[in-house]
Amino acid sequence: MNLKDQLNKAAAPLVSIIIPVYNAERHIAETIQSALNQSWQNIEVIIVDDGSTDSSVGIAKTFTDTRIKIYQQANKGASAARNFGLKQAGGKYIQFLDADDLLSSDKIAAQVALMNNSDEFIAVCNTVHFMDGTDPYRSPPTREWYNANWDDPVDFLLKLYTGPEVMPGYGGMIQPNAWLTPAALIKKAGYWNEFKCPDDDGEFFCRVILASQGVKYSPAGINYYRKYIKGTSLSAQKTAEAFENTFLAIELKYSYLKARFDNKLLDRIFARHYWELGVASYPAHMAISNKAIKRAKKFGYTGPKYVSGKFSMLLSKVLGWRFAKLISYIRHGG
């Protein structure tokens, strides 16, 4: 590579867009096109099929853009597919993109400009949550509290994980596509834990953010996150494995922060996460529920015991949240 090419590469770093795919034939073409439509042209699109049994791979292969690379592996889960993609990636920055979601055309360009060639920060943008079957581009982005740069990773995570009973005005979730992450930062923090878990991204980005010098907020660029009326995604799974791994993810995030912030405030924040898991896993998975509730009580949980519809809420006030949840479980078939 001559000096001119080296200067051009430094000025326009390569961004690797990693798309894990599993039976996404309905949306994969639109997702790939949103990656190719990026105004930031120095990209590679790494598609990792995780043992799909539908036509996802065939659809991906209809794209002739030379920036696309397609790989296949036996079904191991999204985290394993992302790790495979990371091992193939040559980009300075990594953009994760779920196979049914979309990016605005300026998303990567805005965040690359914000990073200013740094390997020490992670960038985030706004997200539009839209229902499957609706037009994502007609929905406004969610107004979030993190609409500024944050130089304290621990403070950012505390505010992200908190609830209104501890820090009013903060809390929520950040979907993986909203981030742009330096590859060097991922190498420092470690790859994804390869467990099938609704909060695998939360555990991963907790480590990455803590390994960074802070979070850069981009007011430009949008992550379009598709949601479904009937839960079919991993985050909607209610298996014992999913609940056990969610408990593990909470434990890991707590331990990472505990090493940096040994304060009772941390217990108060995480008490809610344990309590909500305990309620969600009741009554189908009693062992997990009891373990999570016990931890929540140990951490001094004082928030709402149960949140549901009017009928269930009335029952919970009269007969307790366990009875209300049991009735709801029976009525809705689990």
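Residues numbered from 1 in each chain as written. Predicted model: local features only at pLDDT ≥ 70, side-chain atom pairs only at ≥ 80, totals over all residues. Heavy atoms only, no water.

### Quick word on the pattern of salt bridges
(1) Moving on: Tallied over the full model, the rule gives 17 salt bridges.
(2) Moving on: Linking arginine 272 and glutamate 165 is a salt bridge whose minimum nitrogen-to-oxygen distance equals 3.8 Å. With arginine 272 in helix 10 (residues 264-280) and glutamate 165 in the loop between helix 6 (153-161) and strand 7 (179-182), this pair connects stretches of sequence that are 107 residues apart.
(3) Moving on: On the accessibility criterion, arginine 272 (13% relative accessible area) is buried.
(4) Moving on: By relative accessible area, which is 29% here, glutamate 165 ends up partly exposed.
(5) Moving on: Lysine 253 serves as the salt-bridge partner of aspartate 199, at 2.6 Å between the closest nitrogen and oxygen. A residue pair is termed long-range when its members are at least 10 positions apart, and aspartate 199 in the loop between helix 7 (183-189) and helix 8 (200-211) and lysine 253 in helix 9 (residues 240-258) qualify at 54 residues. (Salt bridge = Lys/Arg side-chain N within 4 Å of Asp/Glu carboxyl O. Helix = DSSP H or I, 4+ residues; strand = E, 2+ residues; numbered from the N terminus. Buried < 20%, exposed > 50% of the residue type's maximum accessible area, 1.4 Å probe, protein only.)

### Quick word on the pairing of strand 8 (residues 214-227)
(1) Moving on: For strand 8, the tally of buried residues reaches eleven of 14 residues, placing the bulk of the element in the interior.
(2) Moving on: Across two bridges, strand 5 (residues 102-103) lies against strand 8 in antiparallel orientation. The residue bridging leucine 102 from the neighbouring strand is tyrosine 224, located in strand 8.
(3) Moving on: Where strand 6 (residues 121-131) lies against strand 8, eleven bridges are found, and the strand directions are parallel. Bridged to alanine 123 within strand 8 is lysine 216. (Pairing = 2+ DSSP bridges.)

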